[in-house]
Amino acid sequence: WDFDENTGEWEAAKGIWQVKDGVYHQKQRWGEAIHSLVGETSWTNYTLQAKVRIHEGNWAGVVFRAQDEFQYYVYLFCPKEKVSELWLHKAGGPFSRQAIDEHIDAINVELDRRVWLNFQVQVENSHISLFINGQLQAEFIDETYKSGKIGVWAWDTIASFDNVRVFGSSIQPSTSVDYRWKLPITWGRLKQIYKNH
């Protein structure tokens, strides 16, 4: 999802979301566990990639293996503390959560506001690998959620998200992309038109 047009099948669980200038913006400064989700609860092992940028506030990141709007994992960063964090959210609301690790020291990356950071999460069965800007930050074993949707997330923070990708053996290619004006398709149609004339 490059957000050149709209959010398609994305579902906002909380917050004020807007696509503008090819970026998915979360515009509500105050609010707990604001997030938007996409995908299928049947997705199991996959790699999630996304660009994340904090404008104001201290917590933003990506959601994975989401069962619904309350039950999911979230991997986020905090520029104030210069750390990243992994949390498990549970049924019962935004405060029904537990930290898997709320102080992951940054490894070979600067965790700053107003800078795009490239997040990557790999989930393989119970194994979770977390990356920022291609640098492995931490690995964990957790069996709470074995499958689920993906998403983007903020807490009391204005943030932007872009270039969200997910791929894995249980995921079918997205049909939300409009291929009508992509270059290879356009050339193919032009060739067909000239062939028939």
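The preceding data block contains the structure.
All values reported here derive from a predicted model rather than from experimental measurement.

## Describing the nonpolar core
Here's step 1: Judged by nonpolar contacts, the single largest core of 41 residues is most densely connected at Tyr46, Phe64, Tyr75 and Val121.
Here's step 2: With 5 residues, strand β5 (residues 46-56) is the largest single contributor of residues to this core.
Here's step 3: Residues within four places of Phe64 in sequence aside, it is in contact with Tyr46, Leu48, Tyr72, Tyr73, Tyr75, Leu86, Val121, Val123, Ile128, Lys149 and Ile150.

## Let's talk about the side chain of Ser147
Here's step 1: Note on placement: Ser147 falls in the loop between β12 (135-141) and β13 (149-155).
Here's step 2: At 2.8 Å, the side chain of Ser147 forms a polar contact with the backbone oxygen of Thr41.
Here's step 3: With near-sequence residues (within four places) excluded, Ser147 lies in contact with Thr41, Ser42, Trp43, Thr44, Arg65, Ala66 and Gln67.

## Comments concerning the environment of Arg113
Here's step 1: With respect to the helices, strands and loops of the structure, Arg113 is situated in the loop between β9 (97-105) and β10 (117-124).
Here's step 2: Taking the C-alpha atoms as reference, Arg113 lies 5.1 Å from Ile54; in sequence the two are 59 residues apart.
Here's step 3: Residues in contact with Arg113, not counting those within four places in the same chain, are Ile54, His55, Gly57, Asn58, Pro79 and Lys80.
Here's step 4: At 2.4 Å, the side chain of Arg113 and the side chain of Asn58 are in polar contact.

## Regarding the environment of Leu48
Here's step 1: Tracing the backbone through its elements, the reader meets Leu48 in strand β5.
Here's step 2: With a relative accessible area of 2%, Leu48 lands in the buried category.
Here's step 3: Taking the C-alpha atoms as reference points, Leu48 and Arg165, separated by 117 residues in sequence, lie 5.8 Å from one another.
Here's step 4: Not counting the four nearest positions on each side in its chain, Leu48 is found in contact with Val62, Val63, Phe64, Phe119, Gln120, Val121, Ile150, Val164, Arg165 and Val166.

## Section: the pairing of strand β6 (residues 59-66)
Here's step 1: Of all 8 residues that make up β6, 7 are buried, and the element is covered over most of its length.
Here's step 2: As paired strands, β6 and β13 are joined by 7 bridges and run antiparallel to one another. When the bridges of β13 are listed, Gly61 appears paired with Trp153.
Here's step 3: With 5 bridges connecting them, β6 and strand β7 (residues 72-78) associate as antiparallel partners. Bridging from a neighbouring strand, Phe64 pairs with Tyr73 of β7.
Here's step 4: Once β6 ends, the chain turns through 5 residues before running back antiparallel as β7.

Calculation criteria
Residues numbered from 1 in each chain as written. Predicted model: local features only at pLDDT ≥ 70, side-chain atom pairs only at ≥ 80, totals over all residues. Heavy atoms only, no water. Core = buried A, V, L, I, M, F, W, Y, C linked by side-chain atoms within 4.5 Å. Buried < 20%, exposed > 50% of the residue type's maximum accessible area, 1.4 Å probe, protein only. Helix = DSSP H or I, 4+ residues; strand = E, 2+ residues; numbered from the N terminus. Contact = heavy atoms within 4.5 Å. Polar contact = N/O pair within 3.5 Å; in protein donor to acceptor, adjacent residues only side chain to side chain. Pairing = 2+ DSSP bridges.

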